[in-house]
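The residues making up each chain are set out below.
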Amino acid sequence: MRVTPPAAALALALTALSVAAVDAPAHAAGNGTVFVRSAVEHADRTVTLPAHRGEAAGQSFWYVVLDASTSKAADRFGVNRSNKLANVGTAAQRGHFVGGVLVVGAGVDFGPDRDVLGGVPGSVGDDGYSPLVRLPDGTVIDAPQIANATGLHDKVVTLSTATGKVTLRETEGRSRGNVVHYVSTDASKAGPAALEGSTLAPRLDAAPTPGDDSTHSARAGLVAFTNGQTGADNPQRQGIASALADGLDPLNVLAWEPQQGRYSPLWDVHLTEWTPAAKAAGRDLRQSRFADVEDLARAGLVTAPGGGTWGASDVIVICPIISQG
């Protein structure tokens with residue numbers, strides 16, 4: 001991957017209507033709540049998960065499971081239950097198990113060289129690929145592919161096929177006033193996928209419904225500030241500009257947490273820009289609640305990038321929350 005100048009990367013982020021997370025260091029969850037029961041978090045800001053074997057078009061791959069639409073499947077895999085996954089519709093590909101191996105129609109090419117400046121993801125789903133898999137009984141699992149003969153997902157730190165364990169990098173965010181940690185695995189647009197180190201999966205855009213995070217939707221809201229305060233030692237820093245300038249996580253704001261009925265790992269990105277008036281008045285303080293940002297938008301203190309109407313930015317990112325802490 002080429003080294004990307006901060007200014008060029010920020011311009012790409014705004015042009016591509018991205019980004020939910022920049023590939024930057026995360027923080028360990030410490031003594032917080034781990035929602036994914038099968039996960040083991042580490043002090044080096046990574047998480048280890050069971051790695052399962054699958055097959056796509058006759059080719060073997062490895063995948064993780066992070067969320068499921070039913071309690072039975074969530075218990076089987078030791079993951080979050082997200083009722084809203086049942087609403088994903090055609091955003092999921094179909095799959096079934098044969099002798100414990102997950103068989104699906106489409107896999108992933110992990111061969112491309114990730115190029116942030118050029119908006120080229122390091123992994124690209126084959127035609128029809130989705131990390132969301134609908135099983136014969138109607139259950140939907142979030143099962144992103146993380147390795148095959150073409151290479152590894154960019155979030156992979158180590159993978160042992162002998163022990164069935166994979167260690168992935170986490171990202172720190174905020175949700176309902178709390179610190180949370182999540183793993184970015186897939187994105188529906190090339191720019192965000194390149195910036196996040198995620199797999200490009202355009203099929204995710206079919207998930208209903210942009211701008212709706214009700215229980216009837218498959219999506220949940222996420223705020224990504226584009227021009228928050230910067231400075232690694234600044235307690236108010238937040239956003240894409242800080243992530244690029246300071247080398248730290250953007251501290252995106254997620255509307256819900258696991259175990260809440262409106263939680264979903266499909267995050268509906270709302271790119272958010274502080275207005276010049278808000279910045280001049282020192283109102284661009286770190287935010288940690290999605291509802292508070294909605295209030296700021298109603299007050300005219302934040303907008304979409306370039307001064308447009310604040311709302312969903314037509315990008316989905318798959319970022320299952322692992323823990324709160």
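Located above this text is the structure these notes cover.
Everything quoted here is computed from the prediction, not taken from an experiment.

Scoring rules and cut-offs
- Residues numbered from 1 in each chain as written.
- Predicted model: local features only at pLDDT ≥ 70, side-chain atom pairs only at ≥ 80, totals over all residues.
- Heavy atoms only, no water.
- Helix = DSSP H or I, 4+ residues; strand = E, 2+ residues; numbered from the N terminus.
- Rg over C-alpha atoms; globule rule 2.2 N^0.38 Å.
- Buried < 20%, exposed > 50% of the residue type's maximum accessible area, 1.4 Å probe, protein only.
- Contact = heavy atoms within 4.5 Å.
- Areas by Shrake-Rupley, 256 points an atom, 1.4 Å probe, with all protein chains shown as cover.
- Lys, Arg positive; Asp, Glu negative; His and termini not counted.
- Charge placed at Lys NZ, Arg CZ, Asp CG, Glu CD.
- Salt bridge = Lys/Arg side-chain N within 4 Å of Asp/Glu carboxyl O.
- Pairing = 2+ DSSP bridges.

## A closer look at the overall build of the protein chain
And step 1. Scanning the protein chain from N- to C-terminus turns up 6 helices and 27 strands.
And step 2. Over its C-alpha trace the protein chain gives a radius of gyration of 18 Å, about what one expects of a compact globule, namely 20 Å for 325 residues.
And step 3. Residues classed as buried in the protein chain amount to 55% of the 325 residues present.
And step 4. Counted over contacts in the protein chain with a minimum sequence separation of 6, partners at least 24 positions apart contribute 68%.
And step 5. Of the roughly 12,100 Å² of accessible surface on the protein chain, a fraction of 52% belongs to carbon and sulfur atoms.
And step 6. Where the 26 positive side-chain charges of the protein chain centre and where its 32 negative ones centre are 4 Å apart.

## A word on unusual backbone geometry
And step 1. Between P208 and the following residue, T209, the backbone shows a cis peptide bond with an omega angle of -5°.
And step 2. Within the secondary structure layout, T209 lies in the loop between strand 21 (199-200) and strand 22 (220-225).
And step 3. Not every positive phi belongs to a glycine, and L251 is a case in point at roughly 55°.
And step 4. Considering the arrangement of structural elements, one finds L251 in the loop between helix 4 (240-246) and strand 23 (253-254).

## Digging into the side chain of E196
And step 1. The topology assignment puts E196 in helix 3 (residues 190-196).
And step 2. Nearest to the buried, unbridged E196 among oppositely charged side chains is K155, at 6.2 Å.

## Thoughts on the sheet that holds strand 16 (residues 156-160)
In sheet architecture, strand pairing relies on hydrogen bonds along the backbone and comes in two forms, parallel and antiparallel.
And step 1. Strand order in this open sheet of 4 strands is 2-3-17-16, and the pairing throughout is antiparallel. The open sheet terminates on both sides in strands that have one partner only, identified here as strand 2 (40-41) and strand 16.
And step 2. Where strand 2 lies against strand 3 (residues 46-50), 2 bridges are found, and the strand directions are antiparallel. The residue bridging E41 from the neighbouring strand is V47, located in strand 3.

## A word on the sheet that holds strand 15 (residues 151-152)
And step 1. Taken in spatial order, the 10 strands of this open sheet run 7-6-13-12-8-9-4-5-14-15, and their pairing is mixed. With partners counted over all chains shown, the strands left at the sheet margins are strand 7 (80-81) and strand 15, one partner each.
And step 2. Bridge count for strand 4 (residues 52-56) against strand 9 (residues 101-104) is 3 bridges, and the pairing is parallel. Each residue of the ladder has a partner; that of A56, found in strand 9, is V104.

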